[in-house]
Amino acid sequence: MKSNRVYRIALFDGDGIGPEIMAPTRSILDMVAERIGRKLEFDSLPAGARHYAETGESLPASSIAAARDADAILLSAMGLPNIRKKDGTEITPQIDLRFALGLYAGVRPVKLYAGQPTPLADPRVFETDFVLIRESTEGLFAHMHEGQVVDNSYATETLRITRATSEKLFDFAFRLAQRRAVKRGIPGRVTCVDKANVFRSFWFFRSIFEERAKAFPDIAADSAYVDAFAMWMVQKPWEFDVVVTENMFGDILSDLGAGIMGSLGLAPSADIGDENAVFQPCHGSAPDIAGKGIANPLAMFLSASLMLDWLAGEHDDAALGEGAAIIDDAVSAVIREGTILTGDLGGTANTKQMSDAVMSRVAA
Ligand code: ATP
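Residues numbered from 1 in each chain as written. Predicted model: local features only at pLDDT ≥ 70, side-chain atom pairs only at ≥ 80, totals over all residues. Heavy atoms only, no water.

Asker: Before we move on, can you summarise the site of the ligand with the specific residues and values?
Answerer: If you check the shell around the ligand, you find I17, L264, H283, G284, S285, A286, D288, I289, A295, N296 and D344 and nothing else. Contact distances for the ligand include 2.6 Å between an oxygen atom and a backbone N or O atom of G284. Residue N296 places a main-chain N or O atom 2.9 Å away from a nitrogen atom belonging to the ligand. For the ligand, the protein covers 59% of the area, taking 620 Å² as the surface of the free molecule. When grouped by side-chain class, the residues that make up the shell around the ligand number 5 nonpolar, 4 polar and 2 charged. (Near = heavy atom within 4 Å. Polar contact = N/O pair within 3.5 Å; in protein donor to acceptor, adjacent residues only side chain to side chain. Areas by Shrake-Rupley, 256 points an atom, 1.4 Å probe, with all protein chains shown as cover. Nonpolar A, V, L, I, M, F, W, Y, C, P; charged D, E, K, R; others polar.)

Asker: Report on the nonpolar core, specifying residues and quantitative values.
Answerer: In a soluble, globular protein the nonpolar side chains are often hidden away together inside. In this structure, I9, L74 and I133 are the most contacted members of the largest nonpolar core, which totals 92 residues. Broken down by element, this core gets its largest block of residues, 11 residues, from helix 9 (residues 298-314). Shared between two domains, this core takes at least three residues from each, and those domains are domain 1 (1-103 + 266-364) and domain 2 (119-260). In this structure, F12, A47, L97 and L101 belong to the second largest nonpolar core, which totals 15 residues. (Core = buried A, V, L, I, M, F, W, Y, C linked by side-chain atoms within 4.5 Å. Buried < 20%, exposed > 50% of the residue type's maximum accessible area, 1.4 Å probe, protein only. Helix = DSSP H or I, 4+ residues; strand = E, 2+ residues; numbered from the N terminus. Domains from an automatic or database assignment.)

Asker: Any details on the layout of surface pockets? Residues and values, ideally.
Answerer: Computed from the structure, the largest pocket encloses a volume of approximately 1000 Å³. Forming the boundary of the largest pocket are 41 residues, of which L176, R179, K183, L306 and D309 lie nearest the centre. Put simply, the parts of the chain that give the lining of the largest pocket at least two residues each are strand 4 (105-111), strand 5 (129-135), helix 5 (163-184), strand 11 (268-272), helix 9 and helix 10 (318-337). The greatest single-element share of the lining of the largest pocket, amounting to 9 residues, is contributed by helix 5. Tallied by class, the residues present in the lining of the largest pocket amount to 23 nonpolar, 6 polar and 12 charged. Mapping the lining of the largest pocket onto the domain boundaries places at least three of its residues in each of domain 1 (1-103 + 266-364) and domain 2 (119-260). The space that makes up the second largest pocket amounts to roughly 640 Å³. Listing elements by their share of the lining of the second largest pocket, those giving two or more residues are helix 4 (93-100), strand 4, helix 8 (247-260), strand 11 and strand 12 (277-281). It is helix 8 that contributes the most residues to the lining of the second largest pocket, 6 residues altogether. (1 Å grid on protein atoms, 1.4 Å probe; cavity = no way out; pocket = protein on both sides within 12 Å on 5 of 7 lines; lining within 4 Å. Points joined across faces, edges and corners; volume = space filled by probe spheres on them.)

Asker: Could you give an account of the domain arrangement of the protein, naming the residues involved and the relevant values?
Answerer: The assigned domain composition of the protein is domain 1 (1-103 + 266-364) and domain 2 (119-260). The C-alpha-based centres of domain 1 and domain 2 are spaced at 25 Å. With 8 residues of domain 1 at the interface, the matching set in domain 2 holds 7 residues. Counting the surface lost from both domain 1 and domain 2, the interface buries some 720 Å², and carbon and sulfur atoms represent 55% of this. Our count for the domain 1 to domain 2 interface comes out at 3 salt bridges. Of the charged contacts in the structure, one is a salt bridge between D309 and K183, with a shortest N-O distance of 3.2 Å. The interface formed by domain 1 and domain 2 holds 3 residue pairs in polar contact (both at pLDDT 80 or more) in total. For the side of domain 1 that touches domain 2, the secondary structure elements donating two or more residues are strand 11 and helix 9. Among the elements that line the side of domain 1 that touches domain 2, the one with the most residues is helix 9, at 3 residues. (Contact = heavy atoms within 4.5 Å. Buried area = accessible area lost by both parts, 1.4 Å probe. Salt bridge = Lys/Arg side-chain N within 4 Å of Asp/Glu carboxyl O.)

As structure tokens, then:
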């Protein structure tokens with residue numbers, strides 16, 4: 001197919017297993033672009049722990065500027081435990097990017113693929129396919145370096161909810177539900193998770209949610225308290241569609257989601273703002289297995305799929321949505337078949353074998 005639209009993708013190869021899982025992801029994206037008649041131009045940008053060790057900079061201003069200019073940003077795992085800043089903290093350019101680019105919506109899909117390991121026994125768990133949206137710039141993290149311990153007798157932290165960010169966050173959640181409803185052929189639903197029965201800030205959060213819900217009458221809207229919702233995530237995770245919550249609750253619930261999914265190697269993520277979006281696997285740079293060629297590349301492939309899906313919506317380009325589905329279907333088929341799986345999924349395959357298995361389905 002002749003390519004008529006070009007998308008510029010900023011790439012951060014990352015540290016540890018990062019480059020090992022980025023290389024096959026790039027090949028898969030090239031194959032998908034060819035199939036759907038689009039062109040992807042990749043720009044590899046320096047950042048990360050290795051870069052810091054070599055240059056003293058973890059995320060150069062020139063990399064931020066180039067990432068800001070790109071249509072989307074694809075990022076592999078970053079940071080290494082033995083390379084730290086002078087104050088002892090790890091290198092985290094992926095977090096710095098969230099603040100630099102105002103990426104307020106942390107998108108954490110919780111989806112299970114038939115045949116994958118999961119700690120839950122109910123067979124309906126394989127129908128689980130919801131998206132948790134974690135507000136990523138405020139809530140209990142808004143003043144994260146300003147908490148106080150007073151006279152060694154008490155400590156305080158501040159939770160901040162703003163109308164401006166909450167409105168954008170809820171609109172994002174409802175629009176995502178609309179797109180998922182079309183794709184899945186079932187009515188959309190957004191659930192706001194909070195603690196509005198106890199905290200005024202969460203009552204404010206919920207009241208803004210209810211206001212914004214009125215603008216999306218085609219999408220069902222309901223709310224849940226975070227404690228009950230945590231229980232339901234274990235008891236009936238297949239019942240949810242889009243779930244939206246505050247930063248700290250999202251931090252905890254997204255790990256619960258990863259727990260249900262059984263393996264970090266299958267969990268993609270996105271951090272989305274008004275102008276920019278970063279896509280990356282939920283896992284870290286896995287230094288314990290780096291260089292061995294055995295990392296599971298699927299979370300990285302699924303992050304690339306999420307990126308195409310987001311670009312499809314941003315540019316009203318359905319072909320990119322088809323590209324996302326090609327990757328998702330290929331991953332799903334490899335897991336269902338169950339013969340070529342990496343160690344974390346109970347198999348013995350290496351990164352190359354697993355990548356080749358997905359690629360052969362992408363090429364089909
Ligand atoms: P970070 O703090 O950077 O998120 P982390 O300390 O949570 O990192 P990870 O790097 O995510 O740790 O690794 C946690 C464990 O999961 C390690 O044992 C690692 O080998 C394993 N792991 C992570 N990603 C993968 C992967 N893609 N394939 C196989 N195993 C993985």
